[in-house]
Every structure is written in C-alpha cells, then in structure tokens.
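Architecture and fold: a report
Next come the chains, spelled out residue by residue.
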Amino acid sequence: MSDIRKELKYLSSHEWARVEEDGTVTIGITDHAQEALGDVVFVETPEVGSRVSVGEEAGVVESVKAASDIYSLVSGEVVAVNEALADAPETVNSSPYDDGWFFRVKPDDLAELEEALDAHDYREIIESEE
Amino acid sequence: MGFKTALYNTHQAMGGKLVDFGGWDMPLHYGSQIEEHNYVRQASGMFDVSHMTVVDVKGQDAKAYLQYLLANDVTKIEAVPGKALYSGMLNPEGGVIDDLIVYNMPQDASGAWFRTVVNCGTREKDLAWMNKIAADFKVELIERDDLAMIAIQGPKAINLTKTVVSTNRAEVIDSLKIFQGLPEGEWFIARTGYTGEDGLEIMLPNTEAEAFWKALHTAGVAACGLAARDTLRLEAGMNLYGHEMDDNVSPLAANMGWTVAWAPAERNFIGRSAIEAEKNAGPAFKLVGLVLRERGVMRAEQLVSVDGSEQKGVITSGTFSPTLGYSIALARVPVSIGKQCHVEMRGKHVLVDVVAPNFVRNGKPLI
C-alpha cells in the first residue's frame, strides 16, 4: 500500500506539494510514483532562479524502466533544488516525501494549490489505477 | 490472471512484484532491480525462467529435421553430448520466427535426440511452425511443461549451487564445459545463461522447484526478477526476441550472422535463399551498440540519424547500465554508420558513441 500523507497536496500525475513555514512550496513525486517507476537513475530539476508554471513541464525523472515529466503544483520562481539527487537519485525511491524532494518554488499565488488534489482524492485516483 | 510457474507462491511470499510477462505472472523485482543486477555481476543471483518453452525433439529424423528447421547446423554439436547451440528459426522470407538454444542430448533408447528452449511470448506460433515442418519428418515433438527452470548466474553461482545439490549433481556441474548441459536423474543441468556471467540453468520437475529455490536462497543466492535479467542481457549484448529481431528482421541485421551455418552449401534450411541473396547483395542494416555518457536514458523505438544516410536507424533496446553508470542501447542502423550518431530523445537530437554490441562480460566493462 502506497504511503499518502494527509498534509500534502497532489496532482493526478503523481507530484506532491508541501507549503513550508516561509511560504515557499516544495515539490516532489509520490511514493506511488517512485514505486511504479522503479529504480530512479537520473533527475533533471529546473534551475534556481528560473520560473515554473502550472501545467508546464518543470523537470524529468528517469528510472531504469521509463522517463516521466515532472509538473509543479504552483507557478513561481524556483528558489532551491535538491542537488543531492544528482549523485544519489535513489533517494527518490527511499524517501520520496522527505530527502527525495525535487525543487522549491516561491509561489506567485498560493491559492493555486486549492486546485490540487487532497490526500483523499489522490488515494481514490491511484486506487482506480490499480 | 495469467499462467503461474511452480514458484509463483514463493515469489509472492518473498515480496516479488509480480507483473504480466507474455501471459505469465512473473516477478519483475523484489525491491530494487539495480541491487539485483549488481548482485549477479558481483556474487550470484537466481531467476525463475520456467515460463520459457522446452520442446524435446525425438525420432529417427530428429537431426535432419533440425538441420532444415534452423539456420545454425546441429552437426556442429553432435560430437559432444550435451553441447548447446544458439540458432535462429527463420521463415521462408528470412525473418526470425524465434531464437532458441538446442542441446544435443545424450542418446537414449530412442536414439539421438535434442532439447530446444524457445521463448515464452512466441510459444504458440513456434509450436505451430515446428509441428507444421515436422509433418514431413519422422519426429516427435514433446513439450516439457512438467519442468521448471531456474537460472543461477554470477561469479559465485556455480560454487553456491554445488553446496545444495547431491554429490552426483555436483559432479555433473564440475564436468560441464561452458555451453554444455547434461541430465542427472530427472534434472537437466546446463552451464548456460543470459547475463554475460558464468552460471547454470537447471531444469527440474515442477514439484522440486520450490525446495531447490529456497535452498539456493538460504545458501546466499539472491532472488532476482526479470527487470534485472533484461539489464544484464543488454549489458552482455544479447538479443531479446521482439526487440533486436522478429518475423520481419533478418538475422544479418541482428548481429546473428555468426549463428548462420552457410557451409555445407548443399544444406537447405528454411530462409536460406532469402538471406543468402541479402548477404550477396550486402545487408543494408546492422546491429550496433550505442553509449550515452551524460544524463539521460536511451529507450527502445527512438530513432537514430546517421550521417550520409537518408534511412533512419532505430533503438531496439535501451536502458541505464547499472555496471557502467550511464545509458547503453542496441540499435539497428544503416551499415554506413560511423563512430557517432544522433538519437532522437524526447524532442532533442543527442550525439552518442557507436560501439560493438556488447558492453560488459564477466563483471568487467568492455568499453
């Protein structure tokens, strides 16, 4: 059974978002996504200072099996990326919600997150896929 | 729900992620396919390959039948009991119906006979074709679905296997040359594999498979899934049916020219005239290895552009190589290809190196 965290927001394309205390938003992929992808071997994150937009590709995660685009749940400026993933992409598998985060955004409008799925709705989506 | 091997419940109990594979429920991995891959390169791992189809060929025309059915010539193996031969089984147009291993089995009361191992995904068409051709020969084809098959591969595979089998079987294992297999009781033990490492493939009654698997596991052989099997075979430059070749691809375009026995010229095998004409004209395509040393993973079906050729090539298998730490691929490309080419990856043309189609052997990089 996949780990789904109550405090996070989700996309049906299996990204999660967490609002940090400073108002920035951290983006990663879900436990369900890492399990479906299998061993992650490369992660391409956006550059710090670049802009990401909802609905536009913000990065790529590649496993031995497949490549998958990464989408942001909010539009805004990228203020941090998880550089540790360059040398240890397997962290995405072992810790998808904590050490395996992808990038952090200073959102233009935090209200965009209201469009995202909550944990309950995301669980329904992955259960209907299985 | 698909077909289940004798080890299905064992895979489930050991945490295998079971997926559909050619109609069979097979373990993809038991946690990490990269860890399983590395275990085979460095120590020993085992694979349930019971889904593969074993067909015994018996009867007075067994040899003549296989000489007509296969592009390789079983005459090459008849002097050595148990010797194995890799061959394509071609259609009249010179495409590959399947690739297979044939063993020259020690003679029994029925005389000389052979054991073939064909792919699982091609089982029905293979059996239909083999039976159709058999109509003109005095042969009997016996599918051995009573047998399970376990591949134990890696530098420690043979020694660890010997610790869990009877003295007689350990002696048989010691006697085996590479690419040879011999029966012992109801078992058949072969020094073959699909990983580029030394090791064994053992066929045994379904009823004995679980106990043997568990004994190997207790001895320290890691359970591995088909995902690791695929990255291991690709590093070793071994073809996978449906990828490097199929009914519409010539063995000459699939790095299988070495498996075609052209001599003696009077041996007529199915597909001979088609591929002989292609050989004389000069094949238009060949199979090469590709290497991408930067970030990104080449994938099957991506197109390959070659300088000086209008025709595109195609990646037949691509993956991340756990041993090398970057992406490798096999590709069928115009023969004019040079030392580099471009691969269309996710909307970009990426420059990659062209190498011989094998990357890793016996734990060591070849490039």
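Now for a description of the structure that goes with this document. Note that the coordinates shown come from a computational prediction; the quantities given were computed from them, not determined experimentally.

1. Looking at the overall build of chain B
A tally of regular secondary structure across chain B gives nine helices and 21 strands. Whereas a compact globule of 367 residues would reach a radius of gyration of roughly 21 Å, chain B reaches 21 Å, a difference of no more than 12%. Dimensions along the principal axes, computed over C-alpha positions, put chain B at roughly 60 × 50 × 40 Å. Taken across its 367 residues, chain B has 47% of its residues classed as buried. Of the contacts formed within chain B by residues at least 6 apart in sequence, a portion of 67% connects residues at least 24 apart.

2. Structural notes on the overall build of chain A
In terms of helices and strands, chain A carries four helices and nine strands. Of the regular secondary structure in chain A, the N- to C-terminal order runs β-β-β-α-β-β-β-β-β-α-α-β-α. For 130 residues, the compact-globule estimate of 2.2 N^0.38 gives 14 Å, and chain A sits close to it at 13 Å. Taken over the C-alpha atoms alone, chain A extends approximately 35 × 35 × 25 Å along its principal axes. Counting over 130 residues, chain A shows a buried share of 42%. Residue pairs at least 24 apart in sequence account for 66% of intrachain contacts in chain A once pairs closer than 6 positions are excluded.

3. Re the environment of Asn-91 of chain B
Residue and element names in this part refer to chain B. In this structure, Asn-91 sits in the loop between strand 5 (84–90) and strand 6 (96–108). In this structure Asn-91 comes out as partly exposed when scored by C-beta crowding, with 14 C-beta atoms within 10 Å. Separated by 53 residues in the primary sequence, Asn-91 and Arg-144 place their C-alpha atoms 24 Å from one another. In this view, Asn-91 contacts Ile-97, Asp-247, Ile-270 and Gly-271; residues no more than four positions away in its chain are not counted.

4. Here we look at the interface of chain A and chain B
In this assembly, eight residues from chain A lie in contact with 12 residues from chain B. If you tally residues by element for the side of chain A that touches chain B, the top one is strand 4 (residues 40–44) of chain A, at three residues. Split by residue class, the side of chain A that touches chain B holds four nonpolar, one polar and three charged.

5. Details of the sheet that holds strand 11 (residues 187–190) of chain B
Residue and element names in this part refer to chain B. Here we have six strands laid out as an open sheet, ordered 10-11-12-9-3-13, and mixed in their pairing. Edge strands, defined here as strands with exactly one partner in the open sheet, are strand 10 (181–184) and strand 13 (222–223). Taken strand by strand, helix 2 (residues 33–42) contacts strand 3 (45–48), strand 9 (147–153) and strand 13, and its axis lies near 120° from that of strand 3. Strand contacts of helix 7 (residues 206–219): strand 3, strand 9, strand 12 (199–205) and strand 13, with the helix running at about 20° to strand 9, the strand carrying the most contacts.

6. Some words on the nonpolar core
Residue and element names in this part refer to chain B. In terms of nonpolar packing, the biggest core is built from 133 residues, with Met-46, Leu-66, Val-102, Phe-114, Ile-150 and Leu-290 touching the most fellow members. With seven residues, strand 6 is the single largest residue contributor to this core. Each residue touching Met-46, except ones within four places of it in the same chain, is listed here: Ile-150, Ala-151, Ile-152, Trp-213, Leu-216, Val-221, Ala-223 and Cys-224.

7. A few points about the environment of Ala-222 of chain B
Residues and elements named next belong to chain B. Of note, Ala-222 is situated in strand 13. As a C-alpha pair, Ala-222 and Lys-312 span 90 residues in sequence and 41 Å in three-dimensional space. Ignoring anything within four residues of it in the chain, the contact list for Ala-222 reads Glu-36, Tyr-39, Ser-44 and Gly-45.

8. Thoughts on the sheet that holds strand 4 (residues 53–58) of chain B
Residues and elements named next belong to chain B. Taken in spatial order, the five strands line up as 5-6-7-4-8 in an open sheet, and their pairing is antiparallel. With one partner strand each, in any of the chains shown, strand 5 and strand 8 (140–143) form the two edges of the open sheet. Strand-to-strand twist in this sheet, taken as the mean axis angle between neighbours without regard to direction, amounts to 30°. The pairing of strand 4 with strand 8 spans four bridges and is classified as antiparallel. When the sheet's bridge partners are listed, Val-55 is paired in strand 8 with Glu-143. Across the sheet, helix 3 (residues 62–69) is in contact with strand 4, strand 5, strand 6 and strand 7 (111–118); its angle to strand 7 comes to roughly 35°.

9. With respect to the pairing of strand 2 (residues 15–19) of chain A
All names here are of chain A. One ladder, built from two bridges, connects strand 1 (residues 9–10) with strand 2; its direction is antiparallel. Bridging from a neighbouring strand, Tyr-10 pairs with Trp-16 of strand 2. Linking strand 1 to strand 2, which pair antiparallel, is a turn of four residues; within it His-14 sits at a positive phi near 80°. Note: strand 2 against strand 3 (residues 25–29), five bridges, orientation antiparallel. When the sheet's bridge partners are listed, Glu-15 is paired in strand 3 with Ile-29. Hairpin remark: strand 2 followed by strand 3, antiparallel, with five residues in the connecting loop; positive phi at Gly-23, about 90°.

10. With respect to unusual backbone geometry
Most of the time, phi is negative for any residue but glycine, and the peptide bond is trans. The peptide bond linking Ala-263 of chain B to Pro-264 of chain B adopts the cis configuration, its omega dihedral lying at 0°. Relative to the assigned elements, Pro-264 of chain B resides in the loop between helix 8 (226–235) and helix 9 (272–281). Unusually for a residue other than glycine, His-14 of chain A sits at a positive phi of about 80°. Within the chain, Phe-179 of chain B stands out as a residue other than glycine whose phi angle is a positive 65°. You can see Phe-179 of chain B is positioned in the loop between helix 6 (167–175) and strand 10. Residue classification places Phe-179 of chain B among the partly exposed positions, given that 18 C-beta atoms sit within 10 Å.

Rules used in this analysis
Residues numbered from 1 in each chain as written. Chains lettered and ligands numbered in written order. Predicted model: local features only at pLDDT ≥ 70, side-chain atom pairs only at ≥ 80, totals over all residues. Helix = DSSP H or I, 4+ residues; strand = E, 2+ residues; numbered from the N terminus. Rg over C-alpha atoms; globule rule 2.2 N^0.38 Å. Buried ≥ 20, exposed ≤ 12 C-beta atoms within 10 Å, placed from the backbone. Contact = placed C-beta atoms within 7 Å. Nonpolar A, V, L, I, M, F, W, Y, C, P; charged D, E, K, R; others polar. Pairing = 2+ DSSP bridges. Axes fitted to C-alpha atoms, helices over the stretch in contact; angles between N-to-C directions. Core = buried A, V, L, I, M, F, W, Y, C linked by C-beta atoms within 7 Å.

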